[in-house]
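# Coordinate inspection notes
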Amino acid sequence: MTVKHQLKSLIELQQIDSKIFDTKRILDKIPLKISEAEKPFKDSEAALDIIKQKLSSLEKKKRGKERQLDDINEKINKLKVRVSEIKTNKEYQAHLKEIESVEKERYSMEDEILIIMEEIDNTSRQTESEEANLKKQKDKIEVLKKKLQEEKSKVEKELMTVKEMRTKIVETLDEDLYNQYINLIESCNGLAVVEAENEICQGCNMNIPPQLFVELKKNDEIINCPQCRRILYYKNNK
Ligand SMILES: [Zn+2]
């Protein structure tokens, strides 16, 4: 195979490897995209947990107060029964006072229960709206996941096709040249074959000496950039 053909193969190989590199980058980013989308969902889930805990502690508190209210009511009933045992007016006045004081306790307990019930109402509403919000977020994530999954399958298919093309090209290349190419790919950030556009190496931006550029224009030998060692080629656009 002529050098001209080898160079043509190298250019194609570089295009394919750049494509493979980009494709792999797209694939690598997919899990990150999913976890980024899931982050606010997980935060909301944690927030909902806190609200639910609050709700359950409020309900527990309410049950406690209701038991206390039952005790107070029982106390009042017992006091009222005892009224028949009272003999003197003085005793009667004291008894009334006692009932009054326990009733005050009852009112304040009832108020406390009402306040807690209001809090329970608010917290329940908060729970419901947070649950609806979570559901919405979850649906959105599912849509995104499906989209990304489709993208992944498509890209993986493309990758397979491109890899098959790559194998065919590599088969046409001289082993030494291919090894040189691979070394450059590794040492030059994935870019081994570059155009010398306007007498400038597109890999390192160095000016190519005029004499070398004349040689390069012929495209019939492998010429490396004097600066970055990348394989140069000249594209005749005219
Ligand atoms: Zn260069």
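Residues numbered from 1 in each chain as written. Predicted model: local features only at pLDDT ≥ 70, side-chain atom pairs only at ≥ 80, totals over all residues.

### Observations concerning the nonpolar core
Heads up, the rule is: Any set of buried Ala, Val, Leu, Ile, Met, Phe, Trp, Tyr and Cys residues joined through C-beta atoms within 7 Å is what this text calls a nonpolar core. Buried means a residue has 20 or more other C-beta atoms within 10 Å of its own C-beta, exposed means 12 or fewer, and partly exposed covers the counts in between; C-beta atoms are placed from the backbone. By definition, any uninterrupted DSSP run of H or I lasting at least four residues is a helix, any uninterrupted run of E lasting at least two residues is a strand, and each is numbered from the N terminus. Contact between two residues is assigned whenever their backbone-derived C-beta positions fall within 7 Å.
Ranked by size, the top nonpolar core spans 16 residues in total, and within it L10, V193, C201, I231 and L232 carry the most contacts. Those elements giving two or more residues to this core turn out to be α1 (3–82), α3 (175–187), β1 (193–197) and β4 (231–233). Contact partners of L10, with chain neighbours within four places excluded, come to Y181, V193 and I231.

### A short note on the domain arrangement of the chain
What counts here: Segment limits for the domains were obtained from an automatic or database-derived domain assignment. Classes in brief: Ala, Val, Leu, Ile, Met, Phe, Trp, Tyr, Cys and Pro nonpolar; Asp, Glu, Lys and Arg charged; the others, Gly included, polar.
In terms of domain boundaries, the chain breaks down into domain 1 (3–173) and domain 2 (179–233). For domain 1 and domain 2, the distance between their C-alpha centres works out to 57 Å. The partner domain 2 presents 11 residues to the 10 residues of domain 1 that form the contact. Of the residues contributing to the side of domain 1 that touches domain 2, the split by class is six nonpolar, two polar and two charged.

### Examining the environment of R166
If you trace the backbone, R166 turns up in helix α2 (residues 89–172). Between the C-alpha atoms of R166 and K75, which are 91 residues apart in sequence, the distance is 92 Å. Beyond its immediate stretch of four places on either side in the chain, R166 contacts L13 and I16.

### A short note on unusual backbone geometry
Note: most peptide bonds trans; most residues except glycine with negative phi. Phi is positive for N205, which is not a glycine, with a value near 70°. Look at N205 and you get exposed, because 9 C-beta atoms sit within 10 Å.

### Side note on the packing of α1 against α2
Counted only if it meets this: Axis angles are defined between N-to-C directions and span 0 to 180 degrees, where every axis is a line fitted to C-alpha atoms and, for a helix, only to the segment in contact. Put simply, angles under 35 degrees are roughly parallel, angles over 145 are roughly antiparallel, angles from 65 to 115 are roughly perpendicular, and the rest are oblique. Left-handed describes a crossing whose near helix is turned anticlockwise from the far helix through less than a right angle; right-handed describes the clockwise counterpart.
The N-to-C vectors of α1 and α2 enclose an angle of 165°; their axes lie 6 Å apart at closest approach. Judged by the angle between their axes, α1 and α2 are roughly antiparallel. Between α1 and α2 lies a crossing whose hand is left-handed.

### Quick notes on the pairing of β1
What counts, and what does not: Pairing between two strands requires that DSSP report at least two bridges joining them.
As judged from the three bridges shared by β1 and β4, these two strands associate in the parallel manner. Within β4, the position partnered with E195 by the bridge is Y233. The turn joining β1 and strand β2 (residues 200–201), which pair antiparallel and follow one another in sequence, is formed by two residues; a positive phi near 50° is taken by N198.

### Let's talk about the sheet that holds strand β3 (residues 223–224)
The four strands are arranged β2-β1-β4-β3 in an open sheet whose pairing can be described as mixed. With partners counted over all chains shown, the strands left at the sheet margins are β2 and β3, one partner each. Where β1 and β2 come together, two bridges link them in antiparallel fashion. By the bridge assignment for β2, E197 is matched with I200.

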